[in-house]
Amino acid sequence: MARLPRSTSAVVLVLLVSLTAAAQQQPPQQRRPVPLREALQLAARQGPDVAAARAQAAITRVGVERAYTSWKPDISATGTYDHTSAPQVFDPAALGLAPTIPKLTIVGPNSRYGTVQVNQPLLTPQGLFLPGIASSFAEAADRGADETREQVLLNVARTYLSLQGIDGLLAAARDAERVAVRREEDAKAQIRAGTAVEINLLRAQSDTAGARVQIANLTGQRESLLPLLEALVGEAVAPLPFGQGGDAGLGQAADEKTQPWERTFSVRSAIAQVSGADKSVTYDNFLWLPSVAGVAKGNYNSNAGFAGTNTSYDLILNVSVPIYDRGIRYAQKHEDEAKLQQAMANLASARARSKANWEAARANVIAAQAVLDQAEAQARVAKRAQEQIDVSARAGVATSLDLQVADQNLFQAQSAAAQARANLDVRRAEVAAAEGRLYADLAR
């Protein structure tokens, strides 16, 4: 086996080391911070799940185009070349007729035939009813794709707001860590001055360790949710800092008297399904109608024959009346009637589920608002209490245990307030989705 010269090997080694170092020095993929509204718009425009739903609906919509082919003409052309060993010739002289009559070639040894035919339907049950049926099912598919888009946007909002909630918890945990570290320094100074015992330092160190464990857990949760947000949006994005970009202008819950659940895409899709099934039953009831078609046919024959011409045409009117087709159309009618009953049951179920979802979402918004108000009030009280106990401890009238309890209460109150804010925004998004206006609100 041939060996590279030492100089060449050294150059290759240097290049490999340089490439490896460059690869290690490349920064990780940067995620672009975007507000919630932009994240939802990106998901609606380029999200993979939304694109798949649209493609599926487009396949169904092709059925409308196929249904209209029942009215379109069928045009065909054929050509034939025929060599025969038994040509046919009409000879008047052989029959004792006047020799002035020329011979006629009925079938020559080499014959050419051609036909051009146009078949235009004039009346057909398929042309009358199938376009309407296909349009209804295409409408159902479109609304189903819209429902998928609404659910994707809701998942984007949940993931985005969950990330912002984690950011709020991280802020509270880092604040708790800073306070605990300061307590450690104070305890060390007091121990050196002989005014405190080691238990004060141990308590502060325990609080610092607990805060850092909380920070590590929350950081892991955040890193696991960011790829999910990217998969839903179709782009490497990240939420804005906590407290920013969380409002997408989703509005308030509608009045129950307006029946907002009827505007959801799942209900509208079910209504279109019922319409299509009903039209299918109507179509079955009119399958006895005749089919009428006009046919125009042009012919070419290389043998003029008795006609005395090589070209001719035919105009034909075809009428087909179905009398009995082994009972196929009756079986089809019974099947379509069963599908209609199924579609009506699905519509009733979709309405019930949509109404229940809307009522639950509206109740959750009210409850989430109350929880947020209470959590913010508790956070303000805990903050004031912590500040007062801190002052008392510095004056020597409060113990380190009092400080520890106050710090823990403040951290818990701030964490609860952060979670309550994120939860309220999620509940608002759920109401918008339950009313079928999550995407519509983005377009305003």
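Residues numbered from 1 in each chain as written. Predicted model: local features only at pLDDT ≥ 70, side-chain atom pairs only at ≥ 80, totals over all residues. Heavy atoms only, no water.

Draft legend 1. The arrangement of the overall build of the protein chain in detail. The secondary structure content of the protein chain amounts to nine helices and eight strands. A total of 444 residues make up the protein chain; the buried ones form 35% of that total. Restricting the contact set of the protein chain to residue pairs at least 6 apart, pairs at least 24 apart contribute 83%. Surface accessibility of the protein chain: about 25600 Å² in total, with carbon and sulfur atoms responsible for 57%. (Helix = DSSP H or I, 4+ residues; strand = E, 2+ residues; numbered from the N terminus. Buried < 20%, exposed > 50% of the residue type's maximum accessible area, 1.4 Å probe, protein only. Contact = heavy atoms within 4.5 Å. Areas by Shrake-Rupley, 256 points an atom, 1.4 Å probe, with all protein chains shown as cover.)

Draft legend 2. Fine view of the pattern of salt bridges. With the rule as written, the count across this model stands at 19 salt bridges. As a salt-bridge pair, Arg143 and Asp146 come within 2.7 Å of each other at their nearest N and O atoms. Residue Arg143 and its partner Asp146 are both found in helix 4 (residues 125-193); the two are separated by three residues, about one turn of the helix. Grouping residues by exposure puts Arg143 and Asp146 together as buried. Glu262 is paired through a salt bridge with Arg351; the nearest N and O atoms lie 3.0 Å apart. Here Arg351 lies in helix 7 (residues 328-395) and Glu262 lies in the loop between strand 6 (237-239) and helix 6 (265-285), a separation of 89 residues in the sequence. What makes Glu262 partly exposed here is its relative accessible area of 21%. (Salt bridge = Lys/Arg side-chain N within 4 Å of Asp/Glu carboxyl O.)

Draft legend 3. Region of interest: the layout of surface pockets. The calculated volume of the second largest pocket comes to roughly 280 Å³. Along its surface, the second largest pocket is lined by 16 residues, and Glu147, Gln151, Asn357, Ala433 and Ala434 are the ones closest to its centre. Looking at the lining of the second largest pocket, the elements that each hand over two or more residues are helix 4, helix 7 and helix 8 (400-434). Of the residues contributing to the lining of the second largest pocket, the split by class is six nonpolar, six polar and four charged. (1 Å grid on protein atoms, 1.4 Å probe; cavity = no way out; pocket = protein on both sides within 12 Å on 5 of 7 lines; lining within 4 Å. Points joined across faces, edges and corners; volume = space filled by probe spheres on them. Nonpolar A, V, L, I, M, F, W, Y, C, P; charged D, E, K, R; others polar.)

Draft legend 4. Looking closely at a nonpolar patch on the surface. On the surface, a nonpolar cluster with roughly 960 Å² of combined accessible area is contributed by Leu122, Leu123, Leu128, Leu317, Val319, Val321, Ile323, Tyr324 and Tyr330. Elements with a minimum of two residues in the nonpolar patch: strand 5 (110-123) and strand 8 (311-320). (Patch = residues over 30% accessible without salt bridge, like charges linked within 9 Å, V, L, I, M, F, W, Y side chains within 5 Å.)

Draft legend 5. Geometry of the sheet that holds strand 5. Reading across the sheet, the four strands line up as 2-5-7-8 and stay open at both edges, with antiparallel pairing between neighbours. Looking along the sheet, the strands with just one partner apiece sit at the ends: strand 2 (74-83) and strand 8. Neighbouring strand axes in the sheet, compared pairwise and without regard to direction, differ in orientation by 15° on average. The sheet contact formed by strand 7 (residues 291-301) and strand 8 spans ten bridges and is antiparallel. Its bridge partner being in strand 8, Ser291 is matched across the sheet by Ser320. (Pairing = 2+ DSSP bridges. Axes fitted to C-alpha atoms, helices over the stretch in contact; angles between N-to-C directions.)

Draft legend 6. Focus on the nonpolar core. In this structure, Leu40, Leu153, Val156, Tyr160, Leu229 and Val233 are the most contacted members of the largest nonpolar core, which totals 29 residues. Going through the elements one at a time, helix 2 (36-46), helix 4, helix 5 (198-233), strand 6, helix 8 and helix 9 (438-442) are the ones with two or more residues in this core. When residues of this core are assigned to their parent elements, the largest contribution, eight residues, is made by helix 4. With near-sequence residues (within four places) excluded, Leu153 lies in contact with Leu40, Ala43, Ala44, Leu438, Tyr439 and Leu442. In terms of nonpolar packing, the next biggest core, distinct from the first, is built from 16 residues, Ala361, Ala379, Ala382 and Ala420 among them. (Core = buried A, V, L, I, M, F, W, Y, C linked by side-chain atoms within 4.5 Å.)

Draft legend 7. Representation of the packing of aromatic side chains within the structure. In the structure shown here, the tally under the stated rule is four aromatic pairs. With centroids separated by 6.0 Å and ring planes inclined at 50°, the aromatic side chains of Phe129 and Tyr283 adopt a geometry described as tilted. Taken together, the positions of Phe129 in helix 4 and Tyr283 in helix 6 put the pair 154 residues apart, joining distant regions of the chain. Summarising the aromatic geometry, the rings of Phe129 and Phe286 are spaced 5.4 Å apart at their centres and angled 25° between planes, so their arrangement reads as stacked. Placement of the pair is Phe129 in helix 4 and Phe286 in the loop between helix 6 and strand 7, with a sequence separation of 157 residues. Here a set of aromatic residues connected by ring pairs shows up, and it is made of Phe129, Tyr283, Phe286 and Trp288. (Phe/Tyr/Trp six-rings, centres within 6.5 Å; stacked < 30°, edge-to-face > 60°.)

Draft legend 8. Representation of the confidence of the model for the protein chain in the model. Per-residue pLDDT for the protein chain has a mean of 84; in total, 88% of the residues score no lower than 70. Residue range residues 1-27 is modelled with pLDDT below 50. Its contacts to residues more than four positions away, or to other chains, number one contact. (pLDDT = per-residue confidence, 0-100.)

Draft legend 9. Inspection of helix 3 (residues 48-68) at higher detail. In a regular helix each residue adds 1.5 Å, so 21 residues correspond to 30 Å; helix 3 covers 32 Å between its end C-alpha atoms and thus fits that length. Listing the buried residues of helix 3 in full gives Val50, Ala53, Ala57, Gly63, Val64 and Ala67. All buried residues of helix 3 fall inside an arc of 115° around its axis, so they share one side. Opposite the packed face of helix 3, turned more than 90 degrees from it, sit the exposed residues Ile59, Glu65 and Arg66. Looking at the packing, one finds that the buried side of helix 3 touches helix 2 and helix 4. (Expected span 1.5 Å × (residues − 1). Arc of directions from axis to C-beta.)

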